[in-house]
Amino acid sequence: MADNGANPRGPRCIALVGPFQSGKTTLLEALLARTNAIQRQGTVDAGTTVGDASKEARHHKMSVEVTVATTRFMGDDYTFLDCPGSVEFVHEMRAALPAVDAAVVVCEADERKVSQLQLVLRELEDLKIPRFLFLNKIDKADRRVRETLKLLQPASRARLLLRQIPIWKNEIITGFVDLALERAFVYREHVPSEVVPLDGEDLSREKEARFTMLETLADHDDELMEQLLEDIPPPRDKVFDDLAKEQRDGLICPVLIGVATRTNGVLRLLKALRHETHGVAETAKRLGVKSGNDPVAYVIKTFHTAHGGKLSVARVLAGQVGDGTTLNSPAAEAGRVSGVLKLVGQVTEKRGPAMAGETVGLGKLDHAKTGETLSAGKKVHPPVAEVAPFAPVLALAISAKDRKDDVKLGLAFTKLVDEDPSLSVHHNPETHEIVVWGQGEMHLRVATERLADRFGVAIERRTPSVGYRETIRKSITQRGRHKKQSGGHGQFGDVVLDIKPLPRSAGFAFEEKITGGVVPRNYIPSVEEGVIDGLKHGPLGFPVVDVAVALTDGSYHAVDSSDMAFRIAGRIGVVEALPQCSPVLLEPIHTVEIVCPSEATAKINSILSGRRGQILSFDTREGWAGWDVVRAKMPESEIGDLIIEVRSATAGVGSFTFKFDHMAELTGKQADQIVAARRAAAAE
């Protein structure tokens, strides 16, 4: 620690993460209130918090994007990243995490959220990010803290280490004992806790809990183990050094307690962050950034503001980034910085150049993307992290209500995907649908709300079309003849086609078996084009596949024959033949792989069976204690809203991936309904 009290680790960047509705946004509000960044602590219910400030977040009372807020505590800058807890918006957290120094995992004593907690902790563990667990809503706990830790421990690979124990009075938690400091504190609402004497039952409980904490630390420190065996009280500095080191090494996850709504425990959390978390130098080392004068920054989040244009929230990992700095990404030039901003939620303030460790908004970097590494040295810095979004699980077909808004809709989609890479937009050339893929029902709902609210595009939404096909069961020989006389040159084309079914997934085959030049060779490619035209729309209303067509005979006219005439003749032959070939509907079948907590596996099997799924196998998920993987084959039409049932059965944590496997015949009432719906749509 420097003599003047300033922390040599410099500005810190801390992620607030945890299960859905565990109190992360409220904790951010408490941290800002405790550090005087805001005058009064707001609430989520009243819509007065710094976090969740967007219209969509306020409306749904949930975080839908990361909130960035910088404040000062004891002379140091801290930027807190309040990350959404819903699995549907998890990419916001995943994209932000690589550049943080530490994370505060906010959770509560709720066994239903243990699997959600495990998802969050696994991300932090894999990235080797030091973390505290803040046990929130301790005033509403219906079990002892040690029981809660036993409940939560399966979610963490590292040992959950109790740093504080509550003080009870008449079955109400009135304060806590800090086991490292060996001090007792009594809560006072919205002001610092008061130090009180540690005596009586609280003292005996503290001694027992402190010894348990020291035993855990001694597992990785032989000197401390000797001191405990010889009954020598270890120096307080030694205890703090061990806590910090073992946390940074990922061996322990210290557990603090509090009530964010009342700022209880928040000051102790801030002091733990100040004294026990490292700074940007260690983070840069973890990410492979060499210290030096060349600027290197990581883009945590991208925003498109109404009046200021594009804003890239970035953590400076090395060097200095100021107004006018030209930054490059590994892919291209990101742009020239136009304004450096301090962020407290949606409130921005212009400031000077950003030094290593600071997290700021950089204006007008038009080509910078979320998750990119930006640099300004002679050589472009390689990516410090690559965070690919999880595979999408739900789709929606979207179109502008007014055709004149088509271009506006396209530009809006570009900005939405730029802000949120876990959204993807695809154009289906066959159905002419714009299909938006996302991470769940709420994810897509928020995206469509933004189209209307932020970009002013009125839209229509519907379920995307399923990729049905049709094929034939019988062979036939069919003549296709096109003859037209309309003054001057006429049109004449005449072909004989052998049409037969092919094995499933064989596709389309065309060959010519002409003898004697009855169809000149230069017209044969046109016949094939006409055949392909005829297969685009079969008698059931869908593209025809797995068909072989052979040109065996025909005739031509020296004057009236042309490429177009033979193309039309080829199409006529196919169109007239297909209804006679016993057409049958084909539906796409996908291989689906679902991951879920083991206690939900039986429910998942039932869901699959109810959706015409054929279960192939289920096994334990490798490296994930208490999780299973279920594999099945399922029709594409049944996958559409599968994620809604899966999330409902798994307390919001289950997910799946799918991959096309084969086409299968579909007959009976269901096939008749699909064909009838197709014909009705075509008639509109």
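Summarised in this report is the structure supplied together with it. (Residues numbered from 1 in each chain as written. Predicted model: local features only at pLDDT ≥ 70, side-chain atom pairs only at ≥ 80, totals over all residues. Heavy atoms only, no water.)

Focus on the overall build of the protein chain
Applicable threshold: The numbering of helices and of strands both runs from the N terminus, where a helix is a DSSP run of H or I of at least 4 residues and a strand a run of E of at least 2. When a residue's accessible area, from a 1.4 Å probe over protein chains only, is under 20% of the maximum for its type it is buried; when over 50% it is exposed; and in between it is partly exposed. By definition, residues are in contact when any of their heavy atoms lie within 4.5 Å.
On a plain count of helices and strands, the protein chain comes out with 18 helices and 34 strands. Considering only C-alpha atoms, the protein chain reaches an extent of 110 × 60 × 45 Å along its principal axes. Counting the 684 residues in the protein chain, one finds 54% classified as buried. Summarising the internal contacts of the protein chain: among those between residues at least 6 apart in sequence, 73% fall at separations of at least 24.

Focus on the sheet that holds strand β24 (residues 433–438)
The cut-off we apply is this: Strands were regarded as paired on the criterion that DSSP finds at least two bridges between them. To get an axis, a line is fitted to the C-alpha atoms, and for a helix only the part in contact is used. The angle between two axes follows their N-to-C directions and goes from 0 to 180 degrees.
Taken together, the four strands give an open sheet; going across it, the order is β23-β24-β22-β25, and neighbouring strands pair in antiparallel fashion. The sheet terminates laterally at β23 (424–428) and β25 (459–462), the two strands that pair on one side only. Strand-to-strand, the axes of this sheet are offset by a mean angle of 35 degrees, without reference to chain direction. Bridge analysis of β23 against β24 gives five bridges, and the strand direction is antiparallel. Considered in β24, the bridge of V425 is made with V436. Along the sheet face, helix α11 (residues 406–419) touches β22 (394–400), β23, β24 and β25 and points at about 145 degrees away from the line of β22.

A closer look at the environment of R58
Residue placement: R58 occurs in helix α2 (residues 55–60). A relative accessible area of 27% means that R58 is categorised as partly exposed. The sequence separation of R58 and A46 amounts to twelve residues, and the corresponding C-alpha distance is 8.9 Å. Contact partners of R58, with chain neighbours within four places excluded, come to G47, T48, T49, G51, D52 and A53.

Some remarks on the pattern of salt bridges
Note the cut-off: For this document, the term salt bridge refers to a Lys or Arg side-chain nitrogen within 4 Å of an Asp or Glu carboxyl oxygen.
If you walk through the whole model with that rule in mind, you get 50 salt bridges. Here R163 and E276 are joined by a salt bridge, their closest N and O atoms 2.8 Å apart. Of this pair, R163 sits in the loop between β6 (159–162) and β7 (164–169) while E276 sits in helix α9 (residues 266–276), and the two are 113 residues apart along the sequence. Accessibility expressed as a relative area gives 3% for R163, which makes it buried. Under the relative-accessibility criterion, E276 is labelled buried at 2%. Between K238 and D242 there is a salt bridge; the shortest N-O distance is 3.8 Å. You can see K238 and its partner D242 sitting in helix α8 (residues 236–248), four residues apart, about one turn around the helix. Of the two residues examined, K238 and D242, each falls in the buried class. When salt bridges with common partners are traced through the structure, they connect R122, E125, D126 and R157 into a single cluster.

Comments concerning the packing of helix α1 (residues 24–34) against α9
Definition in use: Working rule for angles: under 35 degrees goes down as roughly parallel, over 145 as roughly antiparallel, 65 to 115 as roughly perpendicular, anything else as oblique. Put simply, Ala, Val, Leu, Ile, Met, Phe, Trp, Tyr, Cys and Pro go in the nonpolar bin, Asp, Glu, Lys and Arg in the charged bin, and everything else, Gly too, in the polar bin.
Running from N to C, α1 and α9 point in directions that differ by 80 degrees, and their axes come no closer than 10 Å. As the angle between them shows, α1 and α9 are arranged roughly perpendicular. Along the contact surface, α1 presents L27, A30, L31 and R34, while α9 presents V266, L267, L269 and L270. For the contact of α1 with α9, the residue count by class is seven nonpolar, no polar and one charged.

Re the packing of aromatic side chains
The condition that has to hold: Centres within 6.5 Å make a pair out of two Phe, Tyr or Trp rings, where for Trp the six-membered ring is used; the pair is then stacked when the planes are under 30 degrees apart, edge-to-face when over 60, and tilted otherwise.
What the rule picks out here adds up to nine aromatic pairs. Considering the side-chain rings of W624 and W627, the 5.4 Å spacing of their centres and the 65 degrees angle between planes classify their relative orientation as edge-to-face. Using a relative accessible area of 15% as the deciding quantity, one classes W624 as buried. On the basis of an interplanar angle of 45 degrees and a centroid distance of 6.0 Å, the ring pair of F656 and F658 is categorised as tilted. Members of the aromatic cluster, connected to one another through ring pairs, are F73, Y78 and F80.

A short note on the pairing of β24
Pairing analysis gives five bridges linking β22 to β24, with the strands arranged antiparallel. Bridging across to β24, L396 finds its partner in V436. Remark: four residues form the turn of the hairpin made by β23 and β24, two consecutive strands paired antiparallel; H432 in that turn has positive phi of roughly 60 degrees.

Brief notes about the packing of helix α15 (residues 601–610) against helix α17 (residues 642–649)
In plain terms, the rule: Handedness of each helix crossing follows the sense of rotation of the near helix against the far helix: counterclockwise by less than a right angle gives left-handed, clockwise gives right-handed.
In the contact formed by α15 and α17, the axes pass within 9 Å of each other and the chain directions differ by 160 degrees. Considering the angle they form, α15 stands roughly antiparallel to α17. Every pair of crossing elements has a handedness; the one defined by α15 and α17 is right-handed. Residues K603, I604 and I607 of α15 touch α17, and the partners they reach there are L642, E645, V646 and A649.

Considering unusual backbone geometry
Note: most peptide bonds trans; most residues except glycine with negative phi. At D52, a residue that is not glycine, the phi angle is positive and equals roughly 55 degrees. Within the fold, D52 resides in the loop between α1 and α2. For D52, a relative accessible area of 7% gives the class buried.

Focus: the nonpolar core
Note the following rule: Take the buried Ala, Val, Leu, Ile, Met, Phe, Trp, Tyr and Cys residues and link them wherever side-chain atoms come within 4.5 Å; each set so joined is a nonpolar core.
Core analysis: the biggest nonpolar cluster contains 75 residues, and V17, L81, L124 and L135 have the highest contact counts within it. Leave out the neighbours within four places in its chain, and L124 touches V17, L97, A103, V105, I129 and R131. I398, V592, I594 and A649 belong to the second-largest nonpolar core, a separate cluster that totals 32 residues.

A few points about the side chain of E206
Keep this limit in mind: Only four residue types enter the tally: Lys and Arg on the positive side, Asp and Glu on the negative side, with His and both chain ends excluded.
On the secondary structure map, E206 appears in helix α6 (residues 200–218). The buried charged residue E206 lacks any salt bridge partner; its closest oppositely charged side chain belongs to R210, at an N-O distance of 4.5 Å. Those residues within four positions of E206 in sequence are excluded, and the remaining contacts are I165, V177, L179, E182 and L198.

Thoughts on the state of the cysteines
Under the convention used in this document: Any two cysteine sulfur atoms within 2.5 Å of one another count as a disulfide.
By the definition in use, this model includes zero disulfides. Summary of cysteine pairing: C13 is not part of a disulfide, and the nearest cysteine sulfur, belonging to C83, is at 9.0 Å. With no disulfide of its own, C107 lies closest to C253 among cysteine sulfurs, the gap being 8.6 Å.

Quick look at helix α13 (residues 524–535)
Note the cut-off: To estimate the expected span of a helix, count its residues, drop one, and scale the result by 1.5 Å.
The end-to-end C-alpha distance of α13 is 17 Å, a good match for the 16 Å that twelve residues give at a rise of 1.5 Å each. Listing the buried residues of α13 in full gives I524, S526, V527, G530, V531, G534 and L535. Among the structural elements, β28 (491–501), β29 (508–512), β30 (547–555) and α14 (563–577) are those in contact with the buried residues of α13.

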